[in-house]
Each structure stands twice: as structure tokens, then as C-alpha cells.
Amino acid sequence: MISLTPSHIIEYLYCARYTYFEHVLQIPQNEEKYYKVMKGRHIHDEKLERNKEYLRKRLGVQDKLLDQYLAVGFLRGRLDEVLFLEDGTVAPLDYKFAVYEEKVFNTYKIQLSCYAWLVEQVYQKPVSRGFLVYVRSKNKVVTVDISPEDKTAVVAAMREIEEIVDGNKFPRATRYKQKCLTCTYRNICVK
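Presented here is a report on the structure given in the accompanying data block. (Residues numbered from 1 in each chain as written. Predicted model: local features only at pLDDT ≥ 70, side-chain atom pairs only at ≥ 80, totals over all residues. Heavy atoms only, no water.)

### Describing the overall build of the protein
- A tally of regular secondary structure across the protein gives five helices and five strands.
- Listing the helices and strands of the protein from first to last along the sequence gives α-α-α-β-β-β-α-β-β-α.
- For the protein, long-range pairs separated by at least 24 residues make up 64% of all intrachain contacts whose partners lie at least 6 apart in sequence. (Helix = DSSP H or I, 4+ residues; strand = E, 2+ residues; numbered from the N terminus. Contact = heavy atoms within 4.5 Å.)

Spelled out as C-alpha cells, the structure:
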């Protein structure tokens, strides 16, 4: 049985061949070499230590859990914070070592949608939004709406990844060849 993180879902949606190279051929990406990944992990640890007791009352937070590892089926993830809101819903909160540029990147929304699905499954409470904290924009908090369709798309992606891995299926490359320029597998990928 495979074990997936939100990053695997994002990679699959970026180009399905990521899944093939990483999970079928088991060729690692070595993402530890990337500065932003390492810096993000450091910020994550720092924020968890600093924000232990802080409740974001402005967001309607009544309680929170820090650094939660959740796993359901073959999707797993470590959430920075799980927020229990006064309206009876629950929301994931994720810190980003990024500058807010007046839009939420699709990769961030996909990650929050994965977390939303996990949170709903584990806590059996509705999730209709998540929050991003942009560390390099003075900890600006941005609300991201998460629809039922967003969570359904996560489940669909998990099933499609399972088909690739279980069926040893070589998927089509992305239609957007610009993506290939920065791909860690570009030297071995047959276009």
C-alpha cells in the first residue's frame, strides 16, 4: 500500500509522471537540497514553539491542536494547526515561508484541501475553509474557502495515483511543457 502526502497530490496534479518516477521506479527527488523546503521546516518548528497558547480570537477560534499528524487510508500529513471554530467547523492552518502576493497559489489550496479532507475524516466535523499564514508578509493570515468539490478532487487524485502505482502505468506527460524546465525528473523523462 502506498503512503501519500499533500506534496505527492500536488506533484501528481502538476504532472502525473512525478508519481510514476517517485512511486513506481522509486527515484527520489532529494528535495532536502532546496532552500525554501529547509527554511520552511525551520519556520514551522519555530512557530509551533512560539504560538503554543495563542488562540486567534479574530478568526473565531475556540481551541486548537498544534503539529498534528493525521493519516486516513493512504493519505497522511502533518498540520501546523487544527483550529476548532465557534461555528462548529474545524479548519487547518498552515504557515508559509512566503510573501503574500494578493493571490493564493493553487498548490497552497490543494495542500489545504488535502488537510481539510483529513481533518473531516478524523474529527468528523465539517471543514469549509482553511487559513494560510504568510510569514514573510508580517504573518498575514489569509482565509481560503474549501468546497466539497475541492475535497472530492483530492479523493479522485488519490485513486488515480493508486491506479498508476498498482498498475505500473506510465502516464502522459503534462501538456504544459514549461513545467518541464524545472522538473527534477526532466533528464530521464521521455517527452
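The structure having been displayed, the exposition proceeds.
### Re the side chain of Gln 111
- Checked against the element boundaries, Gln 111 lands in helix H4 (residues 106-123).
- Setting aside chain neighbours within four positions, we find Gln 111 in contact with Pro 6, Ile 10, Asp 94 and Lys 96.

### Examining a negative patch on the surface
- Taken together, the side chains of Glu 160, Glu 162, Glu 163 and Asp 166 present a region of like negative charge at the surface.
- Inspection of the secondary structure assignment puts Glu 163 in helix H5 (residues 148-166). (Patch = residues over 30% accessible without salt bridge, like charges linked within 9 Å, V, L, I, M, F, W, Y side chains within 5 Å. Areas by Shrake-Rupley, 256 points an atom, 1.4 Å probe, with all protein chains shown as cover. Salt bridge = Lys/Arg side-chain N within 4 Å of Asp/Glu carboxyl O. Lys, Arg positive; Asp, Glu negative; His and termini not counted. Charge placed at Lys NZ, Arg CZ, Asp CG, Glu CD.)

### Quick look at the pairing of strand S5 (residues 140-145)
- Looking at chain direction, strand S4 (residues 129-134) and S5 are connected through six bridges and run antiparallel. Among the inter-strand pairings, Leu 132 is bridged to a residue of S5, identified as Val 142.
- Between S4 and the antiparallel strand that follows it, S5, lie five residues; Lys 138 among them carries a positive phi value of about 55°. (Pairing = 2+ DSSP bridges.)

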